[in-house]
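# A structural walkthrough
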2 protein chains.
Amino acid sequence: MVTIKDIANKLGVSISTVSKGLNGADDISEEMRQMVLDTAVEMGYAPKRGKKPGKRRVCILIENLEYENIDQFGYEIVLGFKLSAVRHHCEVSVIPTNLNLLTREKYDCFMLKNGFSGAFLLGFALHDDYIQQLNKTNVATVLLDNYNPNPFVGYVGTDGYHGIDMAIKHLHDYGHKKIALLNGSKNCMVTNDRRLAFLQAMERYSLKADPKLIANGYYVADCAKDYVSTFLNHGATAIMCASDLIASGVLYELKRLGVRVPRDVSVVGFDDLPIARRLSPSLTTIRQDRLSLGKSAFMMLEELINGINISKVLLKPELIVRDSTGPNPKL
Amino acid sequence: MVTIKDIANKLGVSISTVSKGLNGADDISEEMRQMVLDTAVEMGYAPKRGKKPGKRRVCILIENLEYENIDQFGYEIVLGFKLSAVRHHCEVSVIPTNLNLLTREKYDCFMLKNGFSGAFLLGFALHDDYIQQLNKTNVATVLLDNYNPNPFVGYVGTDGYHGIDMAIKHLHDYGHKKIALLNGSKNCMVTNDRRLAFLQAMERYSLKADPKLIANGYYVADCAKDYVSTFLNHGATAIMCASDLIASGVLYELKRLGVRVPRDVSVVGFDDLPIARRLSPSLTTIRQDRLSLGKSAFMMLEELINGINISKVLLKPELIVRDSTGPNPKL
């Protein structure tokens, strides 16, 4: 266990200088402060994690994920996290990041300097610099929908296997056989999970997965227009989408092509965003309980801070059946 | 939400009689008490879950799992659960079950009668009657290494995919190519997971999984004798075992056959029970942090009681390298 004294010895300065550097006191130079922080991180120093949870501070770092109004995916996740944090007397800072912040400062250094015991990272991509740095961090960190083998890093998400299974069963019960999958962006862990889940579920219900009916778009509505016609030309009577936003694009494109939903084609989404019920027709979708995702992320972060190496926390999804699914018209 | 009044109306008795029946008062007849409980369960009555955690009572039901001394698999799991419960002012009863208890009383009825808000079930098999009843329970329940789709039921375990991957990588680094898997009992969820994890890892390291080198035994040492010779006859230079007990049997059988470990054959276990370091040679194994499993089970149970539908909590395994693994002798 590295102590403040070890850092002082290494730098040849007094313990009080190190302490000032770590605690952000303003009566030492900025250069000294940065040197103290860099050395502390390099030596693997971790501030004593207060026994009193009242003193704990954590943060939510958000990149590339909308969370500011209730219609957006991140809103309830952030809210759930904060609700649990309040209950546990923990202070939360919500920090939108940007390339500038991320390139200026290393993750561990940023956390130490700001006195955060842990962080919940939302919306980062696998190739982001911060995510790469997580391989070696000793700061308790929770990722949404992303995995890292480091024992200090945990992953919270929704059990997509269970969710996709329920959706395919629902379509199978309606007699659909040619089911398409319009998936999300390729460089994303959940995209791969959803593809595997789709293949497994198709096999479970003795349906044939046709490679021509599987495509990778992006997690935005606009990607639908490139794939819907192809799916229809290959006989699809149902389209499973990897998100509600993608599904909203599919509904729009089907309408443009004069294809009726669900009479001609059924559509299923994933997420159950608030827009799902307002689409026309209202969208059958797999619900991610985002409030619980946020609450679970906080609980997981607390456990990681307490030294319990939780790897994954997965929530149960729910199939919300609305008006965008119906019987296979070709039966 | 079913109330005490609803139960009273249905039975045509007074509210106070129902209340006495639910709370175990002794001034009503045993028949009336049973009728009240049966009706309450049938109507889906759930006692108000106290806002004050100090008043909460939960139980650990244990079947067919040894936990009474520190060498046994269940010991630290039970301990971890109790440690977390104490910290959260929750009372825990540890109840070894048996066929008699299980057939006499339904799960929901047992829980309601004893005033338990939730249970952690250890060692039950998938076909056990209690596990079947879980499909319809509304009592918060956590299973070790078992899955149930009911939102009130969660699953805690160790990430076996990650564990097996580390073990196969370790053997691959030592140049092993013909790796056998001696798996556990067939009617067990983790057995299936470990088989899939093994196949995935072999593929990842470009190794060929030979069906003749994969077998299902049982989670006891004694099963090894039926398979070790076959594995050797088919050229295995390493044996991956689904538990430390199985591995202890494999070491014994190899010694009996005059095969040296690790010079001729490498052996890997799973669990890191206390015996693993005392075997000769000491056993390379995948560590399940059982104290953390217990702590996480409690944390998960609390969340389920609070209405958060967590599906799975998986802990990170660790590869503990000892003396039972070494270079492939055929290189």
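Residues numbered from 1 in each chain as written. Chains lettered and ligands numbered in written order. Predicted model: local features only at pLDDT ≥ 70, side-chain atom pairs only at ≥ 80, totals over all residues. Heavy atoms only, no water.

As recorded in an unreviewed UniProt entry, chain A goes by the name HTH-type transcriptional repressor CytR, listed as coming from Caproiciproducens galactitolivorans.

## Looking at the pattern of salt bridges
For the coordinates displayed, the defined rule picks out 30 salt bridges over all chains. Connected via shared salt-bridge partners are D272(A), R287(A) and R322(A). (Salt bridge = Lys/Arg side-chain N within 4 Å of Asp/Glu carboxyl O.)

## Things to note about the environment of L199(A)
Residues and elements named next belong to chain A. Looking at the secondary structure, you find L199 in helix α9 (residues 189-204). On a C-alpha basis, the gap between L199 and D210 in space is 9.7 Å, while along the polypeptide they are eleven residues apart. Apart from residues lying up to four places away in sequence, L199 is in contact with A209 and I214. (Helix = DSSP H or I, 4+ residues; strand = E, 2+ residues; numbered from the N terminus. Contact = heavy atoms within 4.5 Å.)

## What to know about the side chain of E253(B)
In this structure, E253(B) sits in helix α11 (residues 244-256). With residues near it in sequence (within four places) discarded, E253(B) still touches K225(B) and V228(B).

## Brief notes about the interface of chain B and chain A
Contacts between the two partners involve 24 residues from chain B, matched on the other side by 24 residues from chain A. For the pair chain B and chain A, the two sides together bury roughly 1900 Å², of which 52% comes from carbon and sulfur. Our count for the chain B to chain A interface comes out at two salt bridges. The residue K312(A) makes a salt bridge to D159(B) at a minimum N-O spacing of 3.7 Å. The tally of links between chain B and chain A comes to 14 residue pairs in polar contact (both at pLDDT 80 or more). (Buried area = accessible area lost by both parts, 1.4 Å probe. Polar contact = N/O pair within 3.5 Å; in protein donor to acceptor, adjacent residues only side chain to side chain.)

## Here's the deal with the sheet that holds strand β7 (residues 214-216) of chain B
Think of a sheet as strands paired side by side through backbone hydrogen bonds, with each pair either parallel or antiparallel. Residues and elements named next belong to chain B. Taking strand neighbours across the sheet as the criterion, the six strands line up as β7-β6-β8-β9-β10-β12 in an open arrangement whose pairing is mixed. One side of each edge strand has no neighbouring strand; the edge strands of this open sheet are β7 and β12 (318-320). Direction aside, neighbouring strands of the sheet carry axes that sit 20 degrees apart on average. Inspection of the sheet shows strand β9 (residues 266-271) paired to strand β10 (residues 284-287) by four bridges, in the parallel sense. Bridging from a neighbouring strand, G269 pairs with T285 of β10. Of the strands in this sheet, β6 (179-183), β7, β8 (238-241) and β9 are in contact with helix α9 (residues 189-204), which crosses β6 at around 170 degrees. (Pairing = 2+ DSSP bridges. Axes fitted to C-alpha atoms, helices over the stretch in contact; angles between N-to-C directions.)

## As for the side chain of D271(A)
Residues and elements named next belong to chain A. Within the secondary structure layout, D271 lies in strand β9 (residues 266-271). For D271, which is buried and forms no salt bridge, the nearest opposite charge comes from R194, at a distance of 4.9 Å. Among the polar contacts listed, one links the side chain of D271 to the side chain of Q288, at a separation of 2.8 Å. Ignoring anything within four residues of it in the chain, the contact list for D271 reads F73, S243, D244, T285, I286, R287, Q288 and R290. (Buried < 20%, exposed > 50% of the residue type's maximum accessible area, 1.4 Å probe, protein only. Lys, Arg positive; Asp, Glu negative; His and termini not counted.)

## Digging into the state of the cysteines
Residue and element names in this part refer to chain B. The full count for this structure, using the stated rule, is zero disulfides over all chains. Of all cysteine sulfurs in the structure, the one in C90 sits closest to C59, which takes part in no disulfide; the separation is 10 Å. Left without a disulfide partner, C109 is nearest to the cysteine sulfur of C59, which lies 14 Å away. C109 sits in the buried class, given a relative accessible area of 3%. (Disulfide = S-S within 2.5 Å.)

## Here's the deal with the domain arrangement of chain A
All names here are of chain A. Split by domain assignment, chain A resolves into domain 1 (1-40), domain 2 (50-158 + 292-315) and domain 3 (160-288). A separation of 30 Å is found between the C-alpha centroids of domain 2 and domain 3. Counting residues at the interface gives twelve residues for domain 2 and ten residues for domain 3. Between domain 2 and domain 3, the buried area comes to about 1000 Å², and carbon and sulfur atoms account for 53% of it. Per-residue buried area on domain 2 facing domain 3 is highest for D71, F73 and T158; these three make up 50% of the total on that side. For the pair domain 2 and domain 3, the number of links is one salt bridge. (Domains from an automatic or database assignment.)

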